[in-house]
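Here are the chains, one letter per residue:
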Amino acid sequence: MFCQEWSLVKRLHPNLKVIPLYCHRWSCDVCRPHRTARLISEATRGAPLIFITLTSRHHPGGNPAVAACRLAWAWRKVRAEYIKRYGQGSLPFLAVFEATKKGWPHLHIVARARWVDQHWLSLRMSVLIGAPIVWVERIDS
């Protein structure tokens, strides 16, 4: 379905109300700006304190979709270990996948945590999926 190709129509005699249906795809030129604005708003309201980037390693003959699943699995494991290690009840976050120029995924995360040790995170990601390249940065504004 293409964006706004379909509509909901409600008839209340003598009025007619037409509501266009949106596709909500990131690839859609109409929907992308609205989704981006909503995502930024949600991230800002969450008051994140750190920004993390996790990378996947390109394997010859590999599949970017499988790499994305492995990256998500590794983040869930690391997050659980962080919560256990630092005695946190939770680690609120918002994560977005982005493809590199070669089409391989990396994961951008904003989280409400005082800090995540970059060296520890790099070691954990190396052990879990063989992708030690990580970035951790404090959010100031």
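That block above? That's the structure.
Remember, predicted model here, so these are calculated numbers, not experimental data.

Help me understand helix H2 (residues 64–86) in this model?
Side chains three or four residues apart in an α-helix point the same way, a direct result of the helix having 3.6 residues per turn. Between the first and last C-alpha of H2 there are 32 Å, a value that for 23 residues agrees with the 33 Å anticipated at 1.5 Å per step. Taken together, the buried positions of H2 are Ala67, Ala68, Leu71, Ala74, Trp75, Val78, Tyr82 and Ile83. Along its buried surface, H2 packs onto strand E3 (50–55), strand E4 (93–99), strand E5 (105–111) and helix H3 (118–129). Near the N-terminus of H2, the side chain that reaches the backbone nitrogen of Ala65, with its oxygen 2.8 Å away, is that of Asn63. Gly87 sits one or two residues past H2 and shows a positive phi near 65 degrees.

How should I be thinking about the sheet that holds E4 in this particular structure?
Backbone-to-backbone hydrogen bonds join strands into a sheet, with any given pair of strands oriented parallel or antiparallel. Here we have four strands laid out as an open sheet, ordered E4-E5-E3-E6, and antiparallel in their pairing. Each edge of the open sheet is held by one strand with a lone partner, namely E4 and strand E6 (134–138). Across the sheet, the axes of successive neighbouring strands diverge by a mean angle of 15 degrees, strand direction being ignored. Examined bridge by bridge, E3 and E5 share six bridges and lie antiparallel to one another. Bridge pairing in E5 places Ile50 opposite Ala111. H3 rests against E3 and E6 of the sheet, and its axis sits at about 150 degrees to E6.

Would you take a moment to explain the pattern of salt bridges for this structure?
Side-chain pairs of opposite charge can arise where the charged atoms are in close proximity. A complete count under the given rule lists three salt bridges for this structure. The partner of Asp29 in a salt bridge is Arg32, with the nearest N and O atoms 2.9 Å apart. On the accessibility criterion, Asp29 (60% relative accessible area) is exposed. With a relative accessible area of 34%, Arg32 lands in the partly exposed category.

Looking at this structure, how should I read a nonpolar patch on the surface?
A surface patch of nonpolar side chains, amounting to about 280 Å² of accessible area, comprises Val9, Leu16 and Val18. Residue Val9 is classed as exposed on the basis of its relative accessible area, which comes to 51%.

I'm lost on the packing of aromatic side chains in this one. Help?
Remark: the centre distance and the inter-plane angle together describe each pair of aromatic rings, the angle taken between the planes. Applying the stated criterion across every chain, the model contains two aromatic pairs. With centroids separated by 5.4 Å and ring planes inclined at 75 degrees, the aromatic side chains of Trp75 and Phe93 adopt a geometry described as edge-to-face. Within this pair, whereas Trp75 is found in helix H2, its partner Phe93 is found in strand E4, the two being separated by 18 residues in sequence. Owing to a relative accessible area of 5%, Trp75 belongs among the buried residues under this scheme. Residue class for Phe93 comes out partly exposed when judged on its relative accessible area of 37%. On the basis of an interplanar angle of 45 degrees and a centroid distance of 4.7 Å, the ring pair of Tyr82 and Tyr86 is categorised as tilted. On the criterion of helical spacing, the pair formed by Tyr82 and Tyr86 is a turn pair, its members being four residues apart in helix H2. Judged by its relative accessible area of 5%, Tyr82 is buried.

What counts as what
- Residue positions are given per chain, counted from 1 along the sequence in the order it is written.
- Confidence filtering applies because this is a predicted model: local features only for residues at pLDDT of at least 70, side-chain atom pairs given and counted only at 80 or more, and all residues used for totals across whole chains, interfaces and linings.
- Side-chain numbers come from the whole structure's heavy atoms, not from hydrogens or water.
- Each helix is a run of DSSP H or I of at least 4 residues and each strand a run of E of at least 2, with the numbering of both proceeding from the N terminus.
- Multiply 1.5 Å by the residue count of a helix minus one, and that product is the helix's expected span.
- Any residue under 20% of the maximum accessible area for its type is buried, any over 50% is exposed, and the rest in between are partly exposed; the area is computed with a 1.4 Å probe on protein chains only.
- In what follows, residue pairs with any heavy atoms lying within 4.5 Å of each other are defined as contacts.
- A 3.5 Å cut-off defines polar contacts: any pair of N or O atoms within that distance qualifies, except that in protein one atom must be a possible hydrogen donor and the other a possible acceptor, and neighbouring residues in sequence count only when both atoms are side-chain atoms.
- Whether two strands pair comes down to DSSP finding at least two bridges between them.
- Think of each axis as a best-fit line through the C-alpha atoms, taken over the contacting stretch in the case of a helix, with angles from 0 to 180 degrees between the N-to-C directions.
- We define a salt bridge as a side-chain nitrogen of Lys or Arg found within 4 Å of a carboxyl oxygen belonging to Asp or Glu.
- Patch rule: a residue counts if its relative accessible area is over 30% and it has no salt bridge; like charges are joined within 9 Å, and nonpolar side chains (Val, Leu, Ile, Met, Phe, Trp, Tyr) within 5 Å.
- Shrake-Rupley sampling with a 1.4 Å probe provides the accessible areas, and residues are treated as covered by the protein chains on show and by no other component.
- Only rings of Phe, Tyr and Trp enter the pairing, Trp through its six-membered ring, and a pair is recorded when the two centres are within 6.5 Å. The plane angle decides the type: under 30 degrees is stacked, over 60 is edge-to-face, the rest tilted.

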